[in-house]
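# Summary of structural features
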Amino acid sequence: MDPFSWALIKLRRGRIRAPCVLDRVPRVSVVIACDNYGHYLRQCVDSVTRDQPGIEVEVIIVDDKSTDDSIAVARSIKDCDERVRLILHEQIKGHIATYNDGLDAATGEFVLLLSADDLATPGALTHAAELLVAEPSVGAVFGNAFQRRFACEPHRWKKLD
């Protein structure tokens, strides 16, 4: 790559081409697998339904026969947001079958698979959809994973960073 092209890419923060305005609103299906993660579920759903401008989001929560309060939490979320659908397994099927059931139900142009203890950063779905629409030859998009580090102390957790 010649020095001029390299400098242009650096100026565009790594983009080969300047970002373009979308001519349509892409639909993104988010499949959330839940297995006894009721205490994380609401925050996970919030991360994909808030601060994701310019896209239409569909959330499919697939519960793999949780024994905690996951089903009650999922129903509460579904009752408050028409974009959320719920699939409940009557018997434990495992992680792969749980994702596959969610994928079968997805109607979006693009799909994101999450576990209930995962979060999406603000704008992540928007940026991924923009790239996928602008560059039809791209088949998958991923970003950096961020992890919070915690240390266990007697009867409480302490954030390290």
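Every value quoted in this text rests on a predicted model; they were computed, and no experiment measured them. (Residues numbered from 1 in each chain as written. Predicted model: local features only at pLDDT ≥ 70, side-chain atom pairs only at ≥ 80, totals over all residues. Heavy atoms only, no water.)

### Observations regarding the packing of helix α2 (residues 38–49) against helix α3 (residues 70–80)
- Viewed as axis vectors pointing N to C, α2 and α3 meet at an angle of 25°, and their least axial separation amounts to 8 Å. As summarised for this structure, α2 and α3 are arranged roughly parallel, according to the angle between their axes. By crossing handedness, the relation of α2 to α3 is classed as right-handed. Between α2 and α3, the residues in contact are Gly-38, Leu-41, Arg-42 and Val-45 and Ser-70, Val-73, Ala-74, Ser-76 and Ile-77, respectively.
- Of the residues assigned to the contact of α2 with α3, the class counts are five nonpolar, three polar and one charged. (Axes fitted to C-alpha atoms, helices over the stretch in contact; angles between N-to-C directions. Helix = DSSP H or I, 4+ residues; strand = E, 2+ residues; numbered from the N terminus. Parallel < 35°, antiparallel > 145°, perpendicular 65-115°, else oblique. Left-handed = near helix turned anticlockwise from the far one by under 90°. Contact = heavy atoms within 4.5 Å. Nonpolar A, V, L, I, M, F, W, Y, C, P; charged D, E, K, R; others polar.)

### Thoughts on the environment of Ile-60
- Relative to the elements of secondary structure, Ile-60 occurs in strand β2 (residues 56–63).
- Here Ile-60 falls in the buried class, since its relative accessible area comes to 0%.
- Here the alpha-carbon distance between Ile-60 and Lys-78, two residues 18 residues apart in the chain, equals 9.5 Å.
- Contact partners of Ile-60, with chain neighbours within four places excluded, come to Val-30, Val-31, Ile-32, Arg-85, Ile-87, Gly-102, Ala-105 and Ala-106. (Buried < 20%, exposed > 50% of the residue type's maximum accessible area, 1.4 Å probe, protein only.)

### Quick word on the nonpolar core
- In this structure, Val-30, Ile-32, Leu-41, Val-45, Val-59, Ile-61 and Leu-125 are the most contacted members of the largest nonpolar core, which totals 24 residues.
- Counting residues per element, the ones that place at least two in this core are β1 (27–34), α2, β2, α3, β4 (110–115) and α5 (124–134). (Core = buried A, V, L, I, M, F, W, Y, C linked by side-chain atoms within 4.5 Å.)

### Section: the pattern of salt bridges
- Scanning all chains against the criterion turns up seven salt bridges.
- Its salt-bridge partner being Glu-56, residue Arg-27 comes within 2.3 Å of it at the nearest N-O pair. Taken together, the residues span a long stretch of sequence, with Arg-27 in strand β1 and Glu-56 in strand β2 at a distance of 29 residues.
- As a salt-bridge pair, Asp-81 and Arg-83 come within 2.9 Å of each other at their nearest N and O atoms.
- Residue Asp-81 is classed as buried on the basis of its relative accessible area, which comes to 16%. (Salt bridge = Lys/Arg side-chain N within 4 Å of Asp/Glu carboxyl O.)

### Remarks on the environment of Leu-88
- Locating Leu-88 in the fold gives a position in strand β3 (residues 84–88).
- Of the residues examined, Leu-88 reaches a relative accessible area of 33% and is grouped as partly exposed.
- As for Leu-88 and Ile-61, which are separated by 27 residues in sequence, their C-alpha atoms are 8.3 Å apart.
- Ignoring anything within four residues of it in the chain, the contact list for Leu-88 reads Asp-63, Ile-71 and Arg-75.

### Considering the pairing of β1
- Most of β1 sits inside the fold, with seven of its eight residues counted as buried.
- For the crossover that starts at β1, traverses α2 and ends in the parallel β2, the hand is right-handed.
- Pairing geometry for β1 and β4, over six bridges, is parallel. Paired with Ile-32 across the bridge in β4 is Leu-114. (Right-handed = clockwise from strand over helix to strand, strands pointing away. Pairing = 2+ DSSP bridges.)

Take it as geometry only, folks, not as evidence of what the structure does.
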